[in-house]
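Examining the three-dimensional arrangement
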Amino acid sequence: MRSTADKPVLGILFMIGFCITAPIMDGMAKLTPNEVPVLQIVAARFGVQVVILIPLAILMGVAMRPTARDVIGHLMRGLMLLLATFCFFSAIRYMPIANAMAIFFVEPFILTLMGGLLLGEQVGPRRIIACIIGFIGALFVIQPSFQELGFVALFPLGTAVTFAAYMILTRTMSDRQHPITLQAYTALGASVLILPLIIGFDGTGNPWLDPVWPNEFAMMTLLAVGIMATISHLLLSVALKLAPTATIAPLQYLEIAGSVAVGYMLFQDFPDSLTWLGIAIIVGSGLYVFARERRADLERRPTPPV
């Protein structure tokens, strides 16, 4: 029998698993042939997750009937995650995964600021300065990409903003529902929202939105995107259940290493020196924000009686 003290260690291992599998999902999305529109890749990502997680939630007995309030919450989370995924998959179609991931990691700074504005969380001047420095680091990655690709280089920022909103919504719902239920219904909500788009854009000829019948290789990559998305998010859910958020959140930056490895192995992409400088600034600032939030959380906890 494992002791309670072992759980943070297990949580860290599951978080490392997430940081390995999530970039593989991105790699499969980038590997999908260009004739398959981004909207169809996103639809596969959520559709496969629904097929896997809804039966799993039922078998585990956690597929509780959502209230009207929960339905709205799942649809809003689904919309935010749908937009985040669409922006990111659009970005990596034209730019290296590691570059897009580095820009995306301004998300903790956006989440910190949103928490202060929307949830009334205290955000001190030091964390604000760290956020500003982190955004400056992102500019080191964005600027050369913007010169080469134009507004596509800003798509990961769209992912960061919408994913931060998704996390805000998650904070308001996670204490009432099992993580697998939350993910299953959110994937279902995203699928419900994306289905009318797939039908509506069919035959329009839009290269980003008009669905096509995929060839055998594309079917394999689309299936892999959905499977790896499901596995990675299950690993993340278990990690959050086994260890405090403050313990495992900084480990998410290992996802950059996973993105570099996947990008190099599949596409021979490797960040240049300016991108590495931006990554170092973003990670350093992010770790400082995590450290300040952990300290603030400890200060908010009541002192146990002597």
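Just so it is clear, the structure is predicted and the values come from calculations on it, not from any experiment. Sequence positions are assigned chain by chain, starting from 1 and proceeding in written order. Reporting of local features is limited, given that this is a predicted model, to residues whose pLDDT is at least 70; pairs of side-chain atoms are given and counted only at 80 or more, and all residues count toward the totals for whole chains, interfaces and linings. Side-chain metrics rest on all non-hydrogen atoms present in the structure, leaving aside hydrogens and water.

1. Let's talk about the overall build of the chain
Rules: Where helices and strands are cited, they refer to DSSP runs of H or I of at least four residues and of E of at least two residues respectively, numbered from the N terminus. Note that the radius of gyration is over C-alpha atoms, with the globule rule given as 2.2 Å times the number of residues to the power 0.38. Any two residues having at least one pair of non-hydrogen atoms within 4.5 Å are treated as being in contact. Methods summary: accessible areas were calculated by the Shrake-Rupley approach with a probe of 1.4 Å, and residue burial reflects only the protein chains presented. Asp and Glu count as negative and Lys and Arg as positive, but His and the ends of the chain are not part of the count. To locate a charge, take atom NZ for lysine, CZ for arginine, CG for aspartate or CD for glutamate.
Each helix and strand in the chain was counted, giving 12 helices and zero strands. Counting helices and strands in the order they occur from the N terminus, the chain gives α-α-α-α-α-α-α-α-α-α-α-α. The C-alpha atoms of the chain give a radius of gyration of 19 Å, which matches the 19 Å a tight globule of 306 residues would have. Seen through its C-alpha atoms, the chain measures out along the principal axes to roughly 70 × 50 × 40 Å. Partitioning the contacts of the chain with sequence separation of at least 6, the portion at a separation of at least 24 is 87%. When the accessible area of the chain is evaluated, it comes to approximately 15,100 Å², of which 71% is carbon and sulfur surface. Computed over 18 positive and 17 negative side-chain charges, the separation of the two mean positions in the chain equals 13 Å.

2. Regarding the packing of aromatic side chains
The cut-off we apply is this: Working definition: rings of Phe, Tyr and Trp (its six-membered ring) pair if their centres are within 6.5 Å, and the pair is stacked with planes under 30 degrees apart, edge-to-face with planes over 60 apart, and tilted otherwise. Each residue's exposure class comes from its accessible area (1.4 Å probe, protein chains only) as a fraction of the maximum for that residue type: buried when under 20%, exposed when over 50%, partly exposed otherwise.
Applying the stated criterion to the full structure yields 10 aromatic pairs. Here the aromatic rings of F105 and Y253 are separated by 5.0 Å at their centres, their planes lie at 45 degrees, and the arrangement is tilted. Of this pair, F105 sits in the loop between α4 (97-104) and α5 (107-118) while Y253 sits in the loop between α10 (245-248) and α11 (254-267), and the two are 148 residues apart along the sequence. Just as F105 is buried, Y253 falls in that class too.

3. Description of the confidence of the model for the chain
Let me state the cut-off plainly: Confidence of the prediction at every residue is given by pLDDT, a number between 0 and 100.
Per-residue pLDDT for the chain has a mean of 86; in total, 91% of the residues score no lower than 70. Mean pLDDT across the elements of the chain ranges from a minimum in α10, with 70, to a maximum in helix α2 (residues 38-59), with 94. Low pLDDT, under 50, characterises residues 1-6; the predicted model gives this stretch one contact beyond four residues in sequence or across chains.

4. Considerations on the nonpolar core
Put simply, the test is: Throughout, nonpolar core names a set of buried Ala, Val, Leu, Ile, Met, Phe, Trp, Tyr and Cys residues whose side chains join them through atoms within 4.5 Å.
The biggest cluster of nonpolar side chains holds 67 residues, and the ones touching the most others in it are F89 and I256. Setting aside anything within four residues of it in sequence, one finds I256 in contact with M101, A102, F105, I279 and V283.

5. Observations concerning the environment of V152
Assignment of secondary structure puts V152 in the loop between α6 (125-149) and α7 (155-173). On the basis of relative accessible area, V152 is assigned to the buried category, the value being 13%. Sequence-wise, V152 and A91 are 61 residues apart; in three dimensions their C-alpha atoms are separated by 5.9 Å.

6. What about α2?
Under the convention used in this document: Given a helix with a known number of residues, its expected span is that number minus one, times 1.5 Å. Bend is computed residue by residue as the angle between axes fitted to the seven residues ending at the residue and the seven residues starting at it.
An ideal rise of 1.5 Å per residue puts 32 Å on 22 residues; α2 measures up with 32 Å between its terminal C-alpha atoms. Of all bends in α2, the biggest is about 25 degrees, found at V50. Just downstream of α2 lies G61, where phi reads positive at about 75 degrees.

7. A look at unusual backbone geometry
For Q268, which is not glycine, the phi dihedral falls at a positive 60 degrees. Along the polypeptide, Q268 turns up in the loop between α11 and α12 (273-300). By relative accessible area, which is 57% here, Q268 ends up exposed.

8. Considerations on the packing of α2 against helix α8 (residues 179-201)
We apply this condition: Lines fitted to the C-alpha atoms define the axes, with helices restricted to the stretch that makes contact. Angles between their N-to-C directions range from 0 to 180 degrees. Less than a right angle of anticlockwise turn of the near helix away from the far helix marks a crossing as left-handed, whereas a clockwise turn marks it as right-handed. Side-chain classes are defined by residue name, with Ala, Val, Leu, Ile, Met, Phe, Trp, Tyr, Cys and Pro counting as nonpolar, Asp, Glu, Lys and Arg as charged, and the others, Gly among them, as polar.
α8 packs onto α2 with a crossing angle of 145 degrees between their chain directions and a minimal axis gap of 8 Å. Seen from above, α2 lies across α8 with left-handed handedness. Residues L39, Q40, V42, A43, F46, G47, Q49, V50, L53, I54, L56 and A57 of α2 form the contact with α8, whose participating residues are I180, Q183, A184, Y185, A187, L188, A190, S191, I194, L197, I198 and F201. By residue class, the composition of the contact of α2 with α8 is 19 nonpolar, five polar and no charged.

9. Points about the environment of I194
Within the secondary structure, I194 is located in helix α8. Taking relative accessible area as the criterion, I194 reaches 3% and is therefore assigned buried. Through-space distance from the C-alpha of I194 to that of G47 is 9.7 Å; in sequence the pair is 147 residues apart.

10. Structural notes on the packing of helix α3 (residues 68-92) against α8
Convention followed: Oblique is the label for any angle not under 35 degrees, not over 145, and not in the 65 to 115 range, which are roughly parallel, roughly antiparallel and roughly perpendicular in turn.
Where α3 contacts α8, the two axes come as close as 7 Å, and the packing angle between them is 70 degrees. Accordingly, the angle class assigned to the pair α3 and α8 is roughly perpendicular. Only L182, Y185, T186, G189, A190, L193 and I194 of α8 make contact with α3, whose side of the interface consists of H74, L75, R77, G78, L79, L81 and L82. Here the contact of α3 with α8 is composed, by residue class, of nine nonpolar, four polar and one charged.

11. Some thoughts on the environment of T275
Within the fold, T275 resides in helix α12. Those residues within four positions of T275 in sequence are excluded, and the remaining contacts are N99 and V141.

12. A look at a nonpolar patch on the surface
Worth spelling out the cut-off: Put simply, a patch holds well-exposed residues, over 30% relative accessible area, that have no salt bridge, with like charges counted together within 9 Å and Val, Leu, Ile, Met, Phe, Trp or Tyr side chains within 5 Å. By convention in these notes, a salt bridge is any Lys or Arg side-chain nitrogen within 4 Å of a carboxyl oxygen on Asp or Glu.
The grouping of V9, L13, I16, I20, I24 and L254 at the surface amounts to a nonpolar patch, some 490 Å² of accessible area in total. For the nonpolar patch, the leading source of residues is helix α1 (residues 7-31), giving five residues.

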